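# Inside the fold
Here's the letter readout for the chains.
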Amino acid sequence: MKLAFLGLGLMGAPMARRVLAAGHDVTVWNRSPDKAAPFAEAGAHVAASAAEAVREAEAVILMLENGPVVERVLFGGVAEAVPPGAVVADMSSIKPAEAQDHAARLAERGVHHVDAPVSGGTTAAEAGTLAIMAGGEAEPFARVEPALRAMGRPVLIGPHGAGQLAKLANQVIVGVTIGAVAEALMLAARGGADPAKVREALRGGFAESRILELHAQRMIERDFATRGRCVTHLKDLDNALDAAERLGLESVPYSALTADLYRGLIESQGDPDHSALLLELERRNPRTDARQEVEA
């Protein structure tokens, strides 16, 4: 399949390498050309512009930062250049309403659209084991599915926007669970328990999860090198709150609280790994000497 891959960031680069390794004819583009240059050595074509990248593509894959960026790239030259009948698979995480709008506008040009956001982080992107949640029509999905399978496990969820809704559900679960694990480990440590031993004891019980397995270990090791960006997770939580409002949900307290925690973390720490939510909880619960409190 002749593919154009637009966006070679933290997630996009390993995803594009998986597609290239699967034998597809790939043209890549990135806003920063230096990120695209190494792909030429791996056998990809490197385009000078997004419009140039898509001119002969059967399918276009986007992995961009957010909805406004997708809008600028998609309707700032790509939609006019992509051949009619091609499939645009947007793997960025954006609002469901944005995905539905993009699908309708592309359909007017005879171009198909699939929203296909992912979960699994850079580790899964490199291994080709991403969870891929797709929204759109069955026939275009089937056409782009071989390329998606090079990156992970694609599942067609429902109509346009359904993939983005599934991704928001994923991000709510992940964000809230990171917060719960961080709070639990902080509680255990403050009481004198060894957090590493607490994690070990909980493994295999009802609290078991990938978050307890991976993110708790990062918290224990204080390893907050960025694998999943806080600003990206906050963007997804804000999108979940927007979707909830549009759907008439009046109370989504876990999403709202977790978004507030990430907002505070970003203000105080910048953009570390999302497991660094522990730092925000610690900031809100400063250590004090118990004897000093009594004496005071």
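Within an unreviewed UniProt entry, the label attached to the protein reads NAD(P)-dependent oxidoreductase, and the organism entered is Roseomonas gilardii.

Moving on, we get to the UniProt feature "domain: 3-hydroxyisobutyrate dehydrogenase-like NAD-binding" (unreviewed entry) in the protein. Under the local residue numbering, the UniProt record ascribes the feature "domain: 3-hydroxyisobutyrate dehydrogenase-like NAD-binding" (unreviewed entry) to residues 161-278. Taken as a whole, residues 161-278 contains 72% helix and 0% strand, while its terminal C-alpha atoms sit 32 Å from one another.

Attention now moves to the UniProt feature "domain: 6-phosphogluconate dehydrogenase NADP-binding" (unreviewed entry) in the protein. Mapped onto this structure's residue numbering, the UniProt feature "domain: 6-phosphogluconate dehydrogenase NADP-binding" (unreviewed entry) falls at residues 2-156. Taken end to end, residues 2-156 has its terminal C-alpha atoms 22 Å apart, with 45% of it in helix and 24% in strand.

This paragraph deals with helix α7 (residues 138-149). Given 3.6 residues per turn, any residue in an α-helix points the same way as the ones three and four places further on. Given a rise of 1.5 Å per residue, twelve residues ought to cover 16 Å, and the 15 Å separating the end C-alpha atoms of α7 matches this to within 8%. Of all the positions in α7, only Pro140, Phe141, Val144, Glu145, Ala147 and Leu148 are classed as buried.

Along the chain, His113 turns up in strand β6 (residues 112-115). Once residues lying within four places of it in the same chain are set aside, the contact partners of His113 are Val88, Asp90, Ala99, His102, Ala103, Leu106, Gly135, Gly136 and His160.

Before going further, it helps to spend a moment on the pairing of strand β4 (residues 59-62). Of the two faces of β4, the one lined by Ala59 and Ile61 and the one lined by Val60 and Leu62 are each fully buried. With four bridges connecting them, strand β1 (residues 2-6) and β4 associate as parallel partners. Bridging from a neighbouring strand, Phe5 pairs with Ile61 of β4. As paired elements, β4 and strand β5 (residues 87-90) share four bridges and run parallel to each other. Residue pairing in the sheet places Val60 in a bridge with Val88 of β5. One crossover worth recording links β4 to the parallel β5 by way of helix α4 (residues 67-81), and it is right-handed.

Conventions and cut-offs
- Residues numbered from 1 in each chain as written.
- Predicted model: local features only at pLDDT ≥ 70, side-chain atom pairs only at ≥ 80, totals over all residues.
- Heavy atoms only, no water.
- UniProt positions renumbered as here; feature names shortened; annotations may be inferred.
- Helix = DSSP H or I, 4+ residues; strand = E, 2+ residues; numbered from the N terminus.
- Expected span 1.5 Å × (residues − 1).
- Buried < 20%, exposed > 50% of the residue type's maximum accessible area, 1.4 Å probe, protein only.
- Contact = heavy atoms within 4.5 Å.
- Pairing = 2+ DSSP bridges.
- Right-handed = clockwise from strand over helix to strand, strands pointing away.

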